[in-house]
Amino acid sequence: MNTEVYGVIVFKSTHYTIQAENILREKDIGFKTIPTPREISLSCGLAILVTMDDLEIIKDMMYKGEINVLNLYKYIRDGKKNQYEKII
Amino acid sequence: MKIEVDARKEACPRPVIRTKKELESIQDGIVTTIVDNEAAKDNVSKLAISLGYSFIIDKGEEDSEYYIHITKGNVNDMEVKKDIAHDMDQDHNLTIPKLDSTRGLTIAIGSNKMGNGEEELGKILMKSFIYTVRETTPFPNTIVFYNSGVYLTCEGSEVLDDLKGLVEEGVEIISCGACLDYYHLQDKIQVGEVGNMYLIYEKMKNANNTITLG
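Presented here is a report on the structure given in the accompanying data block. Because the structure is a prediction, the values reported are computed rather than measured.

## Brief notes about the state of the cysteines
Residues and elements named next belong to chain B.
Okay, step 1: In the structure shown here, the tally under the stated rule is one disulfide over all chains.
Okay, step 2: The disulfide that involves C176 links it to C179, with 2.3 Å between the sulfurs. Across the disulfide from C176 to C179, rotation about the S-S bond amounts to roughly 80°, and the bridge is consequently right-handed.
Okay, step 3: Of the residues examined, C176 reaches a relative accessible area of 5% and is grouped as buried.

Given below as structure tokens:
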């Protein structure tokens, strides 16, 4: 089974998720809006999934204050087992 | 009236759309659609079933090549047989597909937004819902889209990859033809098939469970 690794961005509120969607769209960064995984419960209900490469860009944007993020996670998807590691 | 639609080498749902267009253009007669794959054969057959027209499938010379003869209105049976027999080999096989729709879950989506309220929230919730359906097994049997729900199966939709993934898992995706027409999206459909109200109702009625969402 292939292991896939993604970045998951979680937010303090749904408004920030929607704001982040618009920013990512403007910057042409591919993303997918997903329900916040059950394993990461401390956030609003909607999270954003990106590639690990793009997660680095988002980290930069976060430090520059361009995007309002609560936490970043590394999402390791290995068949049926899902694993989340908190990055920030 | 006899019309031939050569839909070989055409991707779904083109064969269905073209067949439907020809059927709509005539009062009585036979539309013969030629397709070169199983999926197109099934979809054109389903169209005939959903419209309530009788049809016969005739195997073509090539592998996976089929001639689907659909009869609309008052056409003398003998006339049909004669017409069809004309094109057929002696030992062809007539196959009438089985419709297996009396099971499972149907999800009916009547809007491109989930729930009432702010549009931007409704849209993001719908995306999140479709993602959840894609990630949760067992999958539904069918998802039907109607009214503004059809935007989700068309060009520009942000859930196309999830819907395409569901189709690969065997989920049937049906978009309401009248709705595609109303929103001028007939040529923009990217996933699944086109169905009418008979088919939509059949999918809701025959499922063990139906979730309606809008």
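The rest of the description comes next.
## Things to note about the packing of aromatic side chains
Okay, step 1: In total, this model carries four aromatic pairs over all chains according to the counting rule given.
Okay, step 2: When the ring of B:Y151 is compared with that of B:Y183, the centres are 5.1 Å apart and the planes differ by 50°; the resulting orientation is tilted. Highlighted residues: B:Y151 in the loop between β6 (142–145) and α5 (160–168) and B:Y183 in the loop between α6 (177–182) and β8 (193–195), separated in sequence by 32 residues.
Okay, step 3: Using a relative accessible area of 23% as the deciding quantity, one classes B:Y183 as partly exposed.
Okay, step 4: In this structure an aromatic cluster arises from ring pairing among A:Y6, A:Y75 and A:Y84.
Okay, step 5: Here the basic side chain of B:K41 rests over the ring of B:Y66, its NZ or CZ set 4.6 Å away from the ring centre.
Okay, step 6: Just above the ring of B:Y66 sits the side chain of B:K59; from NZ or CZ to the centre is 4.9 Å.

Cut-off values and rules
- Residues numbered from 1 in each chain as written.
- Chains lettered and ligands numbered in written order.
- Predicted model: local features only at pLDDT ≥ 70, side-chain atom pairs only at ≥ 80, totals over all residues.
- Heavy atoms only, no water.
- Disulfide = S-S within 2.5 Å.
- Buried < 20%, exposed > 50% of the residue type's maximum accessible area, 1.4 Å probe, protein only.
- Phe/Tyr/Trp six-rings, centres within 6.5 Å; stacked < 30°, edge-to-face > 60°.
- Helix = DSSP H or I, 4+ residues; strand = E, 2+ residues; numbered from the N terminus.
- Lys NZ or Arg CZ within 6 Å of the ring centre and 35° of its normal.

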